Amino acid sequence: MYLCIVTKNYLDSIKFPSDLRNLPTEDLPKVAQELRDFIIHTVAIKEGHLGANLGVVELTIALHYVFNTPEDILIWDVGHQAYGHKILTGRKKNFHTNRMLGGISGFPKREESTYDAFGTGHSSTAISATLGMAIAAQLKGNNTRQHIAIVGDASIASGMAFEALNHAGVTNTNILVILNDNAIGIDPSVGALKEYFIKVNLDGAPDTDNIFEALNFNYSGPIDGHDITGLISELKKLMQIQGPKLLHIITKKGKGLRQAEENQVVYHAPGKFDPKTGDLYPKSNELSPPKFQDVFGKTLLELATQNKNIVGITPAMPTGSSLKYMMEAFPLRAFDVGIAEQHAVTFAAGLAAQGMQVFCTIYSTFLQRAYDQIIHDVCLQKLPVIFCLDRAGLVGQDGPTHHGIFDISFLRCIPDLIIFSPRNEVELRNILYTAQLGLELPIAIRYPRGRGNELDWQNEFSKIEIGRAIELKKGSSVAILTVGIMAHNAMEAINKCSAVDKIACFDMRFIKPLDEKMLHVIFKEYKTIITIEDGVIKGGFGSSIAEFSALHNYPNKIELLGIPDVFPEHGSVEELQQLSGISSAEILKKIEFYI
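A short tour of the structure in this document, coming up. (Residues numbered from 1 in each chain as written. Predicted model: local features only at pLDDT ≥ 70, side-chain atom pairs only at ≥ 80, totals over all residues. Heavy atoms only, no water.)

Attention shifts here to the pattern of salt bridges. One pass over the full model with this rule turns up 22 salt bridges. As a salt-bridge pair, arginine 369 and glutamate 341 come within 3.1 Å of each other at their nearest N and O atoms. With a gap of 28 residues between them, arginine 369 in the loop between α15 (364–367) and α16 (371–379) and glutamate 341 in helix α14 (residues 341–353) connect regions that are remote in the sequence. As far as burial versus exposure is concerned, arginine 369 and glutamate 341 are alike and both buried. (Salt bridge = Lys/Arg side-chain N within 4 Å of Asp/Glu carboxyl O. Helix = DSSP H or I, 4+ residues; strand = E, 2+ residues; numbered from the N terminus. Buried < 20%, exposed > 50% of the residue type's maximum accessible area, 1.4 Å probe, protein only.)

Counting 51 residues, the largest nonpolar core has Phe387, Leu411 and Leu481 as the members making the most contacts within it. Per element, the largest residue contribution to this core is six residues, and it comes from α14. Leave out the neighbours within four places in its chain, and leucine 411 touches Leu367, Ile374, Leu389, Leu417, Ile419 and Ala444. By size, the runner-up hydrophobic cluster in this structure holds 47 residues, among which are Leu35, Ile104, Leu176 and Ile232. (Core = buried A, V, L, I, M, F, W, Y, C linked by side-chain atoms within 4.5 Å. Contact = heavy atoms within 4.5 Å.)

Further remarks concern the packing of helix α6 (residues 126–139) against helix α7 (residues 159–168). Between α6 and α7, the least distance of the axes is 8 Å, while the angle of their chain directions is 30°. With respect to α7, the axis of α6 lies roughly parallel. Touching Ile127, Ser128, Leu131 and Ile135 of α6 are Met160, Ala161, Ala164, Leu165, His167 and Ala168, all from α7. Here the residues of the contact of α6 with α7 are counted per class, giving eight nonpolar, two polar and no charged. (Axes fitted to C-alpha atoms, helices over the stretch in contact; angles between N-to-C directions. Parallel < 35°, antiparallel > 145°, perpendicular 65-115°, else oblique. Nonpolar A, V, L, I, M, F, W, Y, C, P; charged D, E, K, R; others polar.)

Describing two packed helices takes the angle between their axes plus the distance from one axis to the other. For the pair helix α4 (residues 57–66) and helix α5 (residues 83–91), interaxial distance at closest approach is 9 Å and the crossing angle is 40°. When the axis of α4 is compared with that of α5, the two are oblique. For the element pair α4 and α5, the recorded crossing hand is right-handed. Between α4 and α5, the contacting residues are Thr60, Ile61 and His64 on the first element and Gly84, His85, Leu88 and Thr89 on the second. Residue composition of the contact of α4 with α5, grouped by class: two nonpolar, five polar and no charged. (Left-handed = near helix turned anticlockwise from the far one by under 90°.)

One open sheet accounts for five strands, arranged β12-β14-β13-β16-β17; its pairing is mixed. The open sheet has two free edges, formed respectively by β12 (470–473) and β17 (557–563), since each of these has just one partner strand. Neighbour-to-neighbour, the strand axes of the sheet open up by a mean angle of 25°, direction not taken into account. Where helix α20 (residues 516–525) meets the sheet, its contacts fall on β12, β13 (478–482), β14 (503–507), β16 (528–536) and β17, and the angle it forms with β13 comes to roughly 150°. (Pairing = 2+ DSSP bridges.)

A separate point is the layout of surface pockets. There is about 430 Å³ of room inside the second largest pocket. If you go around the second largest pocket, you meet 21 residues; those closest to its centre are Pro108, Gly119, Thr120, Pro400 and Thr401. Across the lining of the second largest pocket, the residue classes break down as six nonpolar, ten polar and five charged. (1 Å grid on protein atoms, 1.4 Å probe; cavity = no way out; pocket = protein on both sides within 12 Å on 5 of 7 lines; lining within 4 Å. Points joined across faces, edges and corners; volume = space filled by probe spheres on them.)

With respect to topology, seven strands assemble into an open sheet ordered β7-β6-β8-β9-β11-β10-β15, the strand pairing being mixed. Edge positions in the sheet fall to β7 (334–336) and β15 (510–512), since each has one partner strand and no second. Within this sheet the neighbouring strands show an average axis-to-axis angle of 20°, counted without direction. In this structure, strand β6 (residues 310–314) lies alongside strand β8 (residues 357–363), joined through four bridges in parallel fashion. Directly across from glycine 312, in β8, lies its bridge partner phenylalanine 359.

Moving on, we get to the side chain of aspartate 390. Here aspartate 390 is to be found in strand β9 (residues 386–390). Polar contacts involving the side chain of aspartate 390 include one to the side chain of arginine 391, which spans 2.9 Å. The residues touching aspartate 390, leaving out its near neighbours within four places in the chain, are Gln293, Gly320, Ser321, Ile362, Tyr363, Ser364, Tyr447 and Pro448. (Polar contact = N/O pair within 3.5 Å; in protein donor to acceptor, adjacent residues only side chain to side chain.)

Our focus in this paragraph is helix α9 (residues 228–239). With twelve residues, α9 should reach 16 Å at 1.5 Å per residue; the first-to-last C-alpha distance of 16 Å fits that figure. The secondary structure elements touched by the buried residues of α9 are α2 (28–46), α4, β3 (175–181), β4 (218–224) and β5 (245–250). N-capping of α9 is provided by aspartate 227, with a side-chain oxygen placed 3.2 Å from the backbone N of threonine 229. (Expected span 1.5 Å × (residues − 1).)

This paragraph deals with the packing of aromatic side chains. Geometrically, a pair of aromatic rings is defined through the distance of the ring centres and the angle of the planes. One pass over the structure, following the stated rule, counts 17 aromatic pairs. Look at tyrosine 371 and phenylalanine 410: their rings are 5.4 Å apart centre to centre, the planes differ by 80°, and that puts the pair in the edge-to-face class. In this pair, tyrosine 371 sits in helix α16 while phenylalanine 410 sits in helix α17 (residues 407–412), placing the two residues 39 residues apart along the sequence. By way of ring pairs, the aromatic residues Phe38, Tyr83 and Phe95 are connected into one cluster. (Phe/Tyr/Trp six-rings, centres within 6.5 Å; stacked < 30°, edge-to-face > 60°.)

Let's shift gears to the pairing of β14. The buried fraction of β14 amounts to five of the five residues, a majority that puts the element mostly inside the structure. Side chains of β14 alternate between two faces, with Ile503, Cys505 and Asp507 and Ala504 and Phe506 buried alike. The pairing of β12 with β14 spans three bridges and is classified as antiparallel. Paired with isoleucine 470 across the strands is aspartate 507, a residue of β14. One ladder, built from five bridges, connects β13 with β14; its direction is parallel. Along β14, the bridge assignment pairs valine 478 with isoleucine 503. The handedness of the β13 to β14 crossover, carried by helix α19 (residues 486–494), is right-handed. (Right-handed = clockwise from strand over helix to strand, strands pointing away.)

As for its position among the elements, valine 345 is in helix α14. The class of valine 345 is buried, set by a relative accessible area of 0%. Apart from residues no more than four positions distant in its own chain, valine 345 is found in contact with Ile362, Leu367, Ala370, Gln373, Ile374, Val378 and Phe387.

Okay, here's the thing in structure tokens:
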């Protein structure tokens, strides 16, 4: 006779938080282990955000155990740490589709679940949204609903978070801000507030000069964010306290996976790795073209070595933007200002006003947060700040909150701003060189996420003439006008078409100023003009060509290809280009139609 011991699988029995609440508290550490293992295994195979999710496993369980979600509202700031939340709220079965085309989103999304009370993706929005919902509950006479914002120590240092704290502190709403303090965002946190948190962690909560109590918050903590029993006890106590509250918890990003704890920057989103060992798979020895971000970072370092007036700025993305190379070599001339895009832009303007040559590198999607500063503090004063917009265009699995598809449209309408989009690594290198030679106006240089196509890119610098386009191929009846990496898709399509000699291709390079001399030649020689861009069509590059045509009364047929008037979902860049009609296959169909 054999004794068969069946180990209970708690996670399979939890479809929704109501199932979780039926468990005794002593079983919750086992749920935490299973949830952590499930996240590790899934992300190892499917990719995604890892470290942030491992760090909030116990917090996620405690929140859904104590609060009556979805009636009580949880809002995850940024949202890339909400995998455990999704798994516990009815999406475990579909979690293998996370960030895939047609699958669930990698961020909270209102239309996906009633448990996702507010969509997030960018930082520092949760307190404002939570406060709005809490005041709405008051106005409707609901004084029992709880409203919880989970915010990281990097995000709470942002201006918007402080604006919300300042407002919330003079209300009497049922709002609880949970400060998830792990001393890191994607890169290590920076600034005076970080130093304050370090002091609090070492010495305990100070009796005086508590920054949150000064803002009228009932402050508690810091407590261990991995102690489920302690978290549950504290959350239950806070439920009974009226008015704005802040719970300070200490967590470790990557908790439960040794490699993720030891190398938190890499394991923020490590790509595929061995789920059994936790080790990254060995990189291929095959020589690959560089990432555009590394072309920027290494070229800037090369230029800064020769030009002592060069200064670099990034808002919390030194690794993602590759400004880290300059920061390591010239720490006094390269600044990570934290999650503070508005400050980054006006800080850059101040430096430029004193004759420094400032390279301000910001993801395209995050530049949206500093629009007024671009107009008011930079362009209005014609300060020659050099904006380097990483992740321009479709970015893939991070989806609509991160696609850099609006920059052309929202920048093109601003006077006294140059806009350039390089088609390859060599062009990016040369425009960086050109910009540091000295420009009379600010410039925005937009380039995509990922790798290019050029292996031999570190050549001798060559100055680029501002406003000059390049003819890539001659033709006879159809002219394709591209900006940025769309030149590659266009040329690939042209080389496969049935009448290759009829199709011309021009890399316009400068979205502003346009090469009007070249455009007059094109409109006189070609009956059909097709524009291709990796941004939204409305107000974009193609629109500028249509405006040129209307201004000069040209009768040519103009076809605009780009992102349609929708928010593209998550999926691979290739899939999204196909859906948007700007893949080489879709461009080929359009060419064949016109010939």
